[in-house]
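An overview of the molecular structure
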Amino acid sequence: SSSDSVQMGERALLHSLENPRDGFVDAYLNRTLSRPLTRLFLRTSLNPNQITLLSCFVGLLGAACFFQAGYWGLVLGALLLQLSAIVDCVDGEVARMKFLESPLGAWLDITLDTVVHIATFLGLGFAVWTQGEIQSALLLGGLLAAGTVFSFPCVLIAQKTDTLGEQSTAWQNQLLEKMISGLVSRDYSIFILLAAIFQKLAWFLWVAAIGVHVFWITLLVLLFQTGRLKQAIRLLPASFFQ
């Protein structure tokens, strides 16, 4: 029937819109679960930016659960964070299906993702500290949140100067692309879920708190070496939305 043909065409189009920067969990879990949601949202009046706000709201609910500490609070928070990652796939899929992609939407997406990350890491630090696993948990959570803040402008600059990177075959630009792909993927949420289930969040805090600062410092050095930092400085702040 024509209805079946439309549904088959819709599924095929959704499969063709995968993000090349998707990580392993995004490609094989989040996208699999997001596609049915995308088909549902396509039948509503919600636009991609509103779906981005919904993803942020779910993520912040998850972060709030971490502040409750307790085993099941942590697991619930991690599950909500994973759900937020799935809904975060939906906004881009709806944007591409409805031809509503925009620089503002991309900026809103990464900004609200950063807000969720900061709230999550602060919540994790509080939860681990409350459980008494490590006395420095609050400090580690703060360092992790601070590293996320420092990473934010570096990632924006890298994304806004990607044309310059595509024109160069220098190894620095290739490494930059791999680093950005790793960061913008949502794979980290599954690690938090597993760490919450197996009560290893202290391990996650240690590794992530160190890794995020190595990341943004390396990214900044690469942006400087490739000239992309200098190019970004010449841009007016308003150009990030154009």
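You'll find the structure just up there.
Residues numbered from 1 in each chain as written. Predicted model: local features only at pLDDT ≥ 70, side-chain atom pairs only at ≥ 80, totals over all residues. Heavy atoms only, no water.

Here we look at the overall build of the chain
Scanning the chain for helices and strands turns up 11 helices and zero strands. From first element to last, N terminus to C terminus, the chain shows the α and β order α-α-α-α-α-α-α-α-α-α-α. The buried share among the 242 residues of the chain stands at 48%. Total accessible area on the chain stands at roughly 12600 Å², and carbon and sulfur atoms take up 70% of it. (Helix = DSSP H or I, 4+ residues; strand = E, 2+ residues; numbered from the N terminus. Buried < 20%, exposed > 50% of the residue type's maximum accessible area, 1.4 Å probe, protein only. Areas by Shrake-Rupley, 256 points an atom, 1.4 Å probe, with all protein chains shown as cover.)

A word on the pattern of salt bridges
Two side chains carrying opposite charge are able to pair once their charged atoms lie near each other. Going through the model one piece at a time under the given rule, you end up with one salt bridge. Two residues, Glu 93 and Arg 31, come together in a salt bridge whose shortest N-O distance is 2.9 Å. Of this pair, Glu 93 sits in helix 4 (residues 71–97) while Arg 31 sits in helix 2 (residues 24–41); the two residues are 62 residues apart in sequence, bridging distant segments of the chain. For Arg 31, a relative accessible area of 2% corresponds to the buried category. (Salt bridge = Lys/Arg side-chain N within 4 Å of Asp/Glu carboxyl O.)

Structural notes on the side chain of Thr 148
One can find Thr 148 in helix 6 (residues 137–160). The exposure class of Thr 148 is buried, given its relative accessible area of 9%. Within the local environment of Thr 148, its side chain forms a polar contact with the backbone oxygen of Leu 144, the two atoms lying 2.9 Å apart. Apart from the residues within four sequence positions on either side, Thr 148 is in contact with Thr 114, His 117, Ile 118, Phe 121 and Val 212. (Polar contact = N/O pair within 3.5 Å; in protein donor to acceptor, adjacent residues only side chain to side chain. Contact = heavy atoms within 4.5 Å.)

Quick word on the nonpolar core
Leu 124, Val 128, Leu 144, Ile 192, Leu 201, Phe 204 and Leu 205 are the most contacted members of the largest nonpolar core, which totals 30 residues. At the level of elements, helix 3 (48–66), helix 4, helix 5 (103–130), helix 6, helix 9 (188–197) and helix 10 (201–225) are the ones that each hand at least two residues to this core. With sequence-adjacent residues up to four places away left out, Val 128 is seen in contact with Glu 133, Ile 134, Ala 137, Leu 201, Ala 202 and Leu 205. Counting residues in hydrophobic clusters, the runner-up holds 16 residues, among them Cys 154, Ile 157, Ala 158 and Trp 216. (Core = buried A, V, L, I, M, F, W, Y, C linked by side-chain atoms within 4.5 Å.)

Overview of the packing of helix 6 against helix 10
Packing of helix 6 against helix 10 brings their axes to within 8 Å, and their N-to-C directions diverge by 25°. In this view, helix 6 runs roughly parallel relative to helix 10, as classed from their interaxial angle. The hand of the helix 6/helix 10 crossing is left-handed. Looking at the contact of helix 6 with helix 10 residue by residue, the classes come out as 21 nonpolar, five polar and no charged. (Axes fitted to C-alpha atoms, helices over the stretch in contact; angles between N-to-C directions. Parallel < 35°, antiparallel > 145°, perpendicular 65-115°, else oblique. Left-handed = near helix turned anticlockwise from the far one by under 90°. Nonpolar A, V, L, I, M, F, W, Y, C, P; charged D, E, K, R; others polar.)

Examining the environment of Gly 125
As for its placement among the helices and strands, Gly 125 is situated in helix 5. Expressed as a C-alpha distance, the spacing of Gly 125 and Leu 139, which sit 14 residues apart in the sequence, is 7.4 Å. Here Gly 125 is in contact with Ala 137, Leu 138, Gly 141 and Leu 205, once residues within four sequence places are set aside.

Focus on helix 4
Taking 1.5 Å of rise per residue, 27 residues should cover 39 Å, and helix 4 covers 40 Å from first to last C-alpha, within 8% of that figure. Just beyond helix 4, the residue with positive phi is Phe 99, at close to 55°. (Expected span 1.5 Å × (residues − 1).)

Overview of the environment of Ala 208
Positionally, Ala 208 belongs in helix 10. A relative accessible area of 16% means that Ala 208 is categorised as buried. Once the C-alpha coordinates of Ala 208 and Tyr 188 are considered, the two residues, 20 residues apart in sequence, prove to be 9.7 Å apart.

Here we look at unusual backbone geometry
The phi angle at Phe 99 is positive, at roughly 55°, despite the residue not being glycine. The residue Phe 99 is located in the loop between helix 4 and helix 5 in this model. Exposure remark for Phe 99: the relative accessible area of 76% places this residue in the exposed category.

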